[in-house]
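# Structure assessment
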Number of protein chains: 2
Amino acid sequence: MPGIVTAAMLVIGDEILSGRTKDRNIGHLADIMTAIGIDLKEVRIVPDEEDEIVAAVNAVRARYDYVFTTGGIGPTHDDITADAIAKAFGVACEYDGRAYAMLEAHYASRGVEFTDARKRMARMPVGAAHIDNPVSLAPGFRIGNVHVMAGVPAIFQAMLDNVVPTLKTGAKLLSATVQCPLGEGTIGGPLTEIQKTHPDTIIGSYPKYLDGRFWTELVVRARTPEALEAGRAAVAAMVASLSTPA
Amino acid sequence: MPGIVTAAMLVIGDEILSGRTKDRNIGHLADIMTAIGIDLKEVRIVPDEEDEIVAAVNAVRARYDYVFTTGGIGPTHDDITADAIAKAFGVACEYDGRAYAMLEAHYASRGVEFTDARKRMARMPVGAAHIDNPVSLAPGFRIGNVHVMAGVPAIFQAMLDNVVPTLKTGAKLLSATVQCPLGEGTIGGPLTEIQKTHPDTIIGSYPKYLDGRFWTELVVRARTPEALEAGRAAVAAMVASLSTPA
């Protein structure tokens, strides 16, 4: 059985912390990680401040198998992710020859000036590998276990599609959901007992509130189909017994 | 002029990290903080694991004026936030007399059993103050600078409404937006110069990608209306001069 593979995400950008932009990348990465069998264990949203990015990158890259960042790799002065990642790894941040040539040719072919701002998008930590950007060309990059990608969702998603096949993946956390018409206060006690007798599952209870009533989504997760089914059956039986008038 | 007041948010829950539930609370807190003049400096999403919650709470409560948490205060076994917060503060987690009596009366009046699961919602760190919950009664709580609230968005928002009037607020970060039909590669250089000559502003550039074209939203932020207007005018003038054919 494959082992557990873990990941963290860093969302870099003042605009998320100010509320101006609502993040749409966390949910996407979470979905993809779950689908391929990598456990997303932590997400941090940090401002466009070099020290903060460096500290966060170094904290999470030491703890998890993979780190994924979004944001801060464009051409403007507030795009400081490449420099911060280089600093975190203790390497220089320089023009990457291949990225520079690629962008230079791209803008030349369109008759667009290759400004200093556009050249910034060719900068990356020395030793980094490209992450191709099929949307707008300027590449992301990988250094060590850190994957640096764009914040614009369409570009982030396209870059992530290119990264996914390169990742080692672990035992998928399988899941099964039991819809429960009862509130958590009713099923909480029995559910605790089921969790105790099914230690190879993770049972989550997600309260839903609609039109003044609580109902609950009960999610059983496990690494094997057998453990999953045993946990799911126990939860479903409990819900059925409590839902049926005595 | 009021000083800077800072905050961090902890989103607690496996369901966010697995992608099953898409967070809707980060954007709301960010909007409210910006509106009242508190700088949200960091957000962390952590799993339902006591050690992780304790470490994250202790890391952020030492650094920022306020901490806001969402999630993990319901009646089921995976709701461990109250215990984790108590552990972070080095105090016991016990039934709160007032919360217990309130919930007991509430369920009695509805003829609903006050189960051990429901009683869990009366547990909080010793010394914590209630945060009223007008939606479903079970209170959140505040201990020190940490405000512990529900993860269900309707309840989180109602609790936050009760917390906001109790917070000291700082100098609001005012903002002005300039829509720019040009991509960042074109305006990046001039924008860097404007940022340098307007050090009392924070100028952000947010690339938008639509129908195969880039445009840019330029956001100037400042603590005084004068600095804001000077920065905004400079940015608007730059955009106008580059947008007009020579």
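Look a little higher up for the structure.
An account of the accompanying structure is given in this report. Because the structure is predicted, anything quoted here is derived from the model rather than measured.

## Side note on the overall build of chain A
For chain A, the count of helices and strands is nine helices and 11 strands. Computed over the C-alpha atoms, the radius of gyration of chain A is 23 Å, more than 25% above the 18 Å expected from 2.2 N^0.38 for a compact globule of 246 residues. C-alpha extents for chain A along the principal axes are approximately 75 × 45 × 35 Å. Residues classed as buried in chain A amount to 50% of the 246 residues present. Taking as baseline every contact in chain A between residues at least 6 positions apart, the subset at least 24 positions apart corresponds to 67%.

## Concerning the interface of chain B and chain A
The interface of chain B with chain A comprises 50 residues on the first partner and 50 residues on the second. Elements represented by at least two residues in the side of chain B that touches chain A include exactly α1 (14–17), α2 (25–36), β2 (39–46), α6 (116–120), α7 (153–163), α8 (184–197) and β10 (201–210) of chain B. When residues of the side of chain B that touches chain A are assigned to their parent elements, the largest contribution, eight residues, is made by α8(B). The pairing of strand β2 (residues 39–46) of chain A with β2(B) spans three bridges and is antiparallel. Each bridged residue has a counterpart across the sheet, and for V43(A) the counterpart in β2(B) is I45(B).

## Describing the relation of the copies chain B and chain A
Relative to chain A, chain B is turned by 180° and slid 0.0 Å along the rotation axis, the superposed coordinates differing by an RMSD of 0.0 Å. Interpreted geometrically, this transformation is the action of a two-fold axis. Considering only C-alpha atoms, the part of chain B nearest the rotation axis is R44(B), at 2.2 Å. Both copies share a contact surface, since 100% of the interface residues of chain B are interface residues in chain A too.

Definitions and cut-offs
Residues numbered from 1 in each chain as written. Chains lettered and ligands numbered in written order. Predicted model: local features only at pLDDT ≥ 70, side-chain atom pairs only at ≥ 80, totals over all residues. Helix = DSSP H or I, 4+ residues; strand = E, 2+ residues; numbered from the N terminus. Rg over C-alpha atoms; globule rule 2.2 N^0.38 Å. Buried ≥ 20, exposed ≤ 12 C-beta atoms within 10 Å, placed from the backbone. Contact = placed C-beta atoms within 7 Å. Pairing = 2+ DSSP bridges. Least-squares fit on C-alpha atoms with pLDDT ≥ 70 in both.

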